[in-house]
Amino acid sequence: MSAPNCLRCLLRPSAGIPVSSLPRSTPFALVRAAPFTTTTANPRPKKEAQADGKPKNHTRAGKKLKLGKFKKEKVGDRGRPPLPGERKAYRKRITLSNDNAIPVPWLTDLGSADLANPANMARVMALPVELQDQLRASEAFKPTQCWGMFRKPAVLVRKETVDLANRMQNAVDKRQTLRLVVTGDKVTGKSMMVLQAMAHAYLNNWVVIHIPEAQELTTACTEYAPIPNTDPVQYMQPVYVLKLLQAIKRANENVLARTYTVNPHPELSQSVPPNTPLLALANAAKEPDAAWPVFQALWSELTTQGANRPPILLSVDGLAHIMKISDYRSPAFDLIHSHDLALVRLFADALGGAVQLPSGGAVIAATARNNAPRTPSMELALAQREAEQARAEAQANGLDPNAVEVPQKDPFFRGYDDRVEAVLRSVQVLRVRGVDKLEARALMEYWAASGMLRATVDEKTVTEKWTLAGSGVLGEMERAALLTMRI
Amino acid sequence: MASSRQGFTSALRGVTRTLNGKRPPPLEQQFWSLRLNGGSRRLSTEPAPAETSLSITAAEEIDIKQLAKRYRIAQHARAVPVSASYFSRTPTFNDRYLALDKLARTYSNLPVVPPADAEQVVWKSLPDLRRSIGEPVKATDYVNCLAILKRLHQIHPDLKPDIVKEALEDFKRDVQGFLNRPAPIPIDKFGRALGVGKRKSSTARAFVVEGDGQVLVNGKTLADYFGRVHDRESAVWALHATDRIDKYNVWARVEGGGTTGQAEALTLAIAKALIAHEPALKPALRKAGCVTRDPRRVERKKHGRVKARKGPTWVKR
């Protein structure tokens, strides 16, 4: 690469410095007239410096190869380039309201019993503001969902929602734990089911611990460290746990402030005497190093039997990621199983039924269809559980239960994982499918009332979108009706 | 005198029967006599066959002098063609044209049907006509002739005289495409109609039953099978365009080609099956572009080109 200015012209203003910016006090001639130079003492300044203050290129006169003669000159100023992480933040930002959308007058806010009420089936209901804050704090909203199109976030209460909320309520009434996996096809609303479960939990003053993306735990993108005195060795993920603690703290502030510790926690650096609010305990973690012990202390407090504890909801999205060998390596450079990561193990134990929650609660995991690794054990286990449920249902209806075949392991396949099977041995499976036409109609009426769907909502349009969406798959309905530009 | 004159005229015209009681040569013989050489081709160096299977004899020469002995007027006779068109360039065509014209004038007051209701007929094209008559018919004449043909064809079929029908037959093409009617699609005992559609290299078979708008393509839902919303829309376009999307269910098998081809093959298949259920929808479906098969295929690649038409990149040398 050649220098922008040749050596002869070192005294002339370089490309970066316009002539006008030279100090005025210096006499111009003094600067120009170098004491020792072979060039003429008085060069023609007008030809040397162009109008914009840049000196002319030092090119030979005569012919030269010029490619792209007719190309437009590039505009120099492109503005500030985005800072590191700025693009990602823009991509991942979550907008929950759109001031240009029409407010829907008949929209009512969710109450504590609304999601479990069958009368609300096929109704769209809004999320109250404080619930929005809680859900946002626990990252329940996803950037791929269409929240930013409407005046305020609202959810469709589906048949499955009511079913799930009732199951959660029944479990808490009996002080049991609902262990359930939400599964279904692409964009059928699995994450939304988890969101609705969380909404139900928040509205009923449960403590909610939500892992928004399970892949963040196992794809080796967050720090990890072995936990001392564990055999086999378990690993903590301090940075992630600190983030999780803060999310728990923000989302469950009211409940945690009303719940008090019963045990002393000598292992913590900060002294937490009994009868301290759990919020203060959660606050004890200020930096990643202290995060894991604090989280453990918080979890042990929450699961202490006999004390007055709120029900707990543990939820995770993207179950397949924590049901496989993780991308982390042990000091011997062996791959670590996901269940050897302490946080994942805590969740897996709860899902497997090893943890007794004091006031009952729920452990809800949702599978994902995009960006999910193949986990043969999980797929098989879920298919088996589903077939067993179908058998039980057939028996209850007086049909032949043997008509439903339970899938079996492939004896010639080695990729099964016993630990995963053990976890999923007794979970319930909730399969989310497309909505029926009544629900589709309720949703489309809400879209039309918000001004987002510019069509008359009648039997014909509803059926059309319902068919185009493959029998009412919600995400596809959004694609067909909202996201496709019609002019 | 009159009878003798008539006999003389017929004698000149070659109607020999009345003249000398001889039968005319058989038709086949006449045909053979038209050929330049006796049927099978042979080289000029080959010897002529000793005896042809058909003995071709020329018409008897008319001996004017002999005739003049019987009919005195015969000495003034000259040979005159039967038809006045004999001296024109296209005598046969002209004769037929005149005959048609006469028929048209004769039957001009018979009732006609509107052109759309008349039986669909493919008339001979100009090259076909030229070939069949063997005369260089002028295009303008043929156009005029066609106009008369069509006018005659419009005469109400119940009242159309046989002579008109015969005259029209000469101008019809040998193969009448409009007679090929597709067999109507039956609706089976389960209420299904099976339509078949093709587009590009895709083939679709769609079973359409009355239902509530469910669609299964190769065992998957529409959303699962077609990733693009546009493809989904074009697959059910026949139902959408006729407002029947909530009235029927579709179960379809598609194979071959890409997604667009498969989706548009489905359009055609569903439309055909829908017509089987409701034949009155055909005009609406035709308007929506769901009835005619799109005949376009991939254009073949040509030598000297990168693809069918794309030219190779220009290089200086």
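Numbers given to residues run from 1 along each chain, matching the order in which its sequence is written. To read the labels, note that chains go from A and ligands from 1, taken in the order they are written. Since the coordinates come from a predicted model, pLDDT governs what is reported: local features require at least 70, and pairs of side-chain atoms require 80 or more to be given and counted, while whole-chain, interface and lining totals use all residues. Hydrogens and water are ignored here; the side-chain numbers use all heavy atoms of the structure.

1. Here's the deal with the overall build of chain B
Going along the chain from the N terminus, every DSSP run of H or I of four or more residues is numbered as a helix, and every run of E of two or more is numbered as a strand. Each helix and strand in chain B was counted, giving 13 helices and five strands. When a residue's accessible area, from a 1.4 Å probe over protein chains only, is under 20% of the maximum for its type it is buried; when over 50% it is exposed; and in between it is partly exposed. Expressed as a percentage of the 317 residues in chain B, the buried residues total 30%. For this analysis, residues touch if any pair of their heavy atoms sits within 4.5 Å. Here the contacts in chain B between residues at least 6 apart in sequence split such that 68% fall between residues at least 24 apart. For chain B, the computed accessible surface area is about 21800 Å², with 54% contributed by carbon and sulfur atoms. Every accessible area reported is derived by Shrake-Rupley at a probe size of 1.4 Å, with residue values counting cover from the shown protein chains alone.

2. Regarding the overall build of chain A
Helix and strand content of chain A: 17 helices and 11 strands. When burial is assessed residue by residue, chain A has 45% of its 487 residues classed as buried. The contacts in chain A between residues at least 6 apart in sequence include a share of 73% that link residues at least 24 apart. Accessible surface for chain A amounts to roughly 27100 Å². Of this, 53% is attributable to carbon and sulfur atoms.

3. Points about the packing of helix α5 (residues 159-173) of chain A against helix α6 (residues 190-203) of chain A
All names here are of chain A. All axes here are fitted lines through C-alpha atoms, helices being fitted over the stretch that makes contact, and every angle between N-to-C directions spans 0 to 180 degrees. Between α5 and α6, whose axes approach to 10 Å, the crossing angle comes to 45 degrees. The pairing of α5 with α6 is recorded here as oblique in orientation. Crossing hand, α5 versus α6: right-handed. Here α5 contributes E160, T161, L164, A165, M168 and Q169 to the contact with α6, which in turn contributes M193, Q196, A197, H200 and A201. Each residue is assigned to one of three groups, with Ala, Val, Leu, Ile, Met, Phe, Trp, Tyr, Cys and Pro labelled nonpolar, Asp, Glu, Lys and Arg labelled charged, and all others, Gly among them, labelled polar. Considered class by class, the residues forming the contact of α5 with α6 number six nonpolar, four polar and one charged. Between 65 and 115 degrees an angle is taken as roughly perpendicular, under 35 as roughly parallel, over 145 as roughly antiparallel, and anywhere else as oblique. Helix crossings are classified by the rotation of the near helix relative to the far one: an anticlockwise turn of less than a right angle makes the crossing left-handed, while a clockwise turn makes it right-handed.

4. Comments concerning the pairing of strand β5 (residues 248-255) of chain B
Across eight bridges, strand β2 (residues 202-210) of chain B lies against β5(B) in antiparallel orientation. Of the residues in β5(B), the one forming a bridge with F207(B) is W251(B). By the convention used here, strands pair only if DSSP detects at least 2 bridges between them.

5. Re the pattern of salt bridges
All names here are of chain B. Salt-bridge detection follows one rule: a side-chain nitrogen of Lys or Arg within 4 Å of a carboxyl oxygen of Asp or Glu. Using the criterion set out here, one finds 36 salt bridges over all chains in the structure. The residue K247 makes a salt bridge to D246 at a minimum N-O spacing of 3.5 Å. Among the charged side chains, a network of salt bridges with common partners joins R199, E264, D294 and R296.

6. Some details on helix α12 (residues 259-277) of chain B
Here α12(B) is 19 residues long and its end C-alpha atoms lie 27 Å apart, about the 27 Å a rise of 1.5 Å per residue gives. Of all 19 residues making up α12(B), 15 are buried, and the element is well covered by its neighbours. Expected span of a helix: the number of residues minus one, times 1.5 Å.

7. Considering the environment of I163(B)
All names here are of chain B. Tracing the chain through its elements places I163 in helix α8 (residues 162-169). Here the alpha-carbon distance between I163 and L103, two residues 60 residues apart in the chain, equals 8.4 Å. Setting aside residues up to four positions removed in sequence, I163 forms contacts with L103 and Y107.

8. Remarks on the nonpolar core
All names here are of chain A. Only buried Ala, Val, Leu, Ile, Met, Phe, Trp, Tyr and Cys residues count toward a nonpolar core, and they belong to the same one when joined by side-chain atoms within 4.5 Å. Residues F295, L319, L351 and L424 are the most contacted members of the largest nonpolar core, which totals 62 residues. Leaving out residues up to four positions away in the same chain, F295 has contacts with V241, L244, L245, I248, L343 and L346. Among the nonpolar cores identified, the runner-up in size contains 40 residues, and M125, W147, L313 and I364 belong to it.

9. Concerning the confidence of the model for chain B
Per-residue confidence for chain B gives a mean pLDDT of 87, with 82% of residues at or over 70. One number per residue, pLDDT, summarises how confident the predictor is, and it ranges from 0 to 100. Contacts for the low-pLDDT stretch residues 16-21 of chain B, under 50 throughout, to residues beyond four places or in other chains number seven contacts.

10. Section: unusual backbone geometry
All names here are of chain A. A cis geometry characterises the amide bond from D231 onward to P232, with omega recorded as -5 degrees. Along the chain, P232 falls in the loop between β5 (225-226) and β6 (235-236). Phi at A220 takes a positive value of approximately 60 degrees, unusual for a residue other than glycine. Here A220 is to be found in the loop between α7 (215-218) and β5.

11. Let's talk about the environment of Q154(B)
All names here are of chain B. Within the secondary structure layout, Q154 lies in the loop between α7 (139-153) and α8. Along the primary structure Q154 and E119 are separated by 35 residues, whereas in three dimensions their C-alpha atoms are 8.6 Å apart. When neighbours within four sequence positions are excluded, Q154 is seen to be in contact with P111, V112, V113 and P115.

12. Concerning the packing of aromatic side chains
Working definition: a ring pair exists when centres of Phe, Tyr or Trp rings (six-membered ring for Trp) sit within 6.5 Å. Plane angles under 30 degrees give stacked, over 60 give edge-to-face, the rest tilted. Within this structure, the stated rule accounts for 10 aromatic pairs over all chains. Ring geometry for F141(A) and W147(A): centres 4.9 Å apart, planes at 80 degrees, overall edge-to-face. On the basis of relative accessibility, which here comes to 4%, the residue F141(A) falls in the buried class. By relative accessible area, W147(A) is classed as buried at 5%. For the pair Y86(B) and F87(B), a centre-to-centre distance of 5.1 Å together with 90 degrees between the ring planes defines the contact as edge-to-face. With respect to burial, Y86(B) and F87(B) carry one shared label: exposed. Taken together, the ring pairs in this structure connect Y224(A), Y235(A) and Y328(A) into an aromatic cluster. Sitting over the ring of Y90(A), R93(A) keeps its end group 4.3 Å from the ring centre. A ring has a charge above it when a Lys NZ or an Arg CZ is no more than 6 Å from the ring centre and no more than 35 degrees off the ring normal. Over the ring of F333(A) we find R329(A); its NZ or CZ atom is 4.1 Å from the centre of that ring.

13. Quick word on the interface of chain B and chain A
Across the boundary between the two partners, chain B contributes 18 residues, which contact 17 residues of chain A. Counting each side, the surface lost to burial between chain B and chain A is near 1400 Å², with a carbon and sulfur contribution of 57%. Linking chain B with chain A are two salt bridges. Linking K460(A) and D243(B) is a salt bridge whose minimum nitrogen-to-oxygen distance equals 3.4 Å. Accessible area, probed at 1.4 Å, shrinks when two parts are joined; the buried area is that loss added up over both.

14. Some points on the confidence of the model for chain A
Residues of chain A with pLDDT of at least 70 account for 84%, and the chain-wide mean is 88. Every residue in residues 1-5 of chain A is under pLDDT 50, and counting partners more than four places away or in other chains gives four contacts.

15. Side note on the pairing of strand β7 (residues 312-317) of chain A
Residues and elements named next belong to chain A. Burial of β7 is extensive: six of the six residues sit out of reach of the surface. Burial along β7 is two-sided: the residues I312, L314 and V316 and L313, S315 and D317 are all buried. Judged from the five bridges that link them, strand β4 (residues 207-211) and β7 form a sheet pairing that is parallel. For V208, the partnering residue across the bridge sits in β7 and is L313.

16. A word on helix α16 (residues 459-468) of chain A
In terms of burial, α16(A) is largely enclosed, as eight of its 10 residues are buried. For α16(A), every residue scored as buried is listed here: T461(A), V462(A), T463(A), E464(A), K465(A), W466(A), T467(A) and L468(A). Check the buried side of α16(A) and you find it contacts α15 (437-449) and α17 (474-483) of chain A together with β3 (215-217), α9 (222-225), α10 (229-235) and α11 (237-241) of chain B. Phi turns positive one or two residues past the end of α16(A), at G470(A), with a value near 65 degrees.

17. Describing the sheet that holds β2(B)
Residue and element names in this part refer to chain B. Overall, mixed pairing links the five strands, which are arranged β1-β2-β5-β3-β4 in an open sheet. The open sheet has two edge strands with one neighbour each: β1 (193-199) and β4 (220-221). Of the strand pairs in this sheet, β3 and β5 are connected by three bridges, and their pairing is parallel. Note on β5: the bridge partner recorded for V217 is A252. Sheet contacts for α12: β1, β2, β3 and β5; angle to β1, the most-contacted strand, approximately 145 degrees.

18. Remarks on the sheet that holds β7(A)
Residues and elements named next belong to chain A. The strand order across the open sheet formed by five strands is β4-β7-β10-β3-β11, and the pairing between neighbours is parallel. Of all the strands in the sheet, the pair left with one neighbour each is β4 and β11 (428-432). This sheet shows a mean twist of 15 degrees between the axes of neighbouring strands, independent of strand direction. Alignment of strand β3 (residues 177-184) against strand β10 (residues 361-366), held across six bridges, turns out to be parallel.

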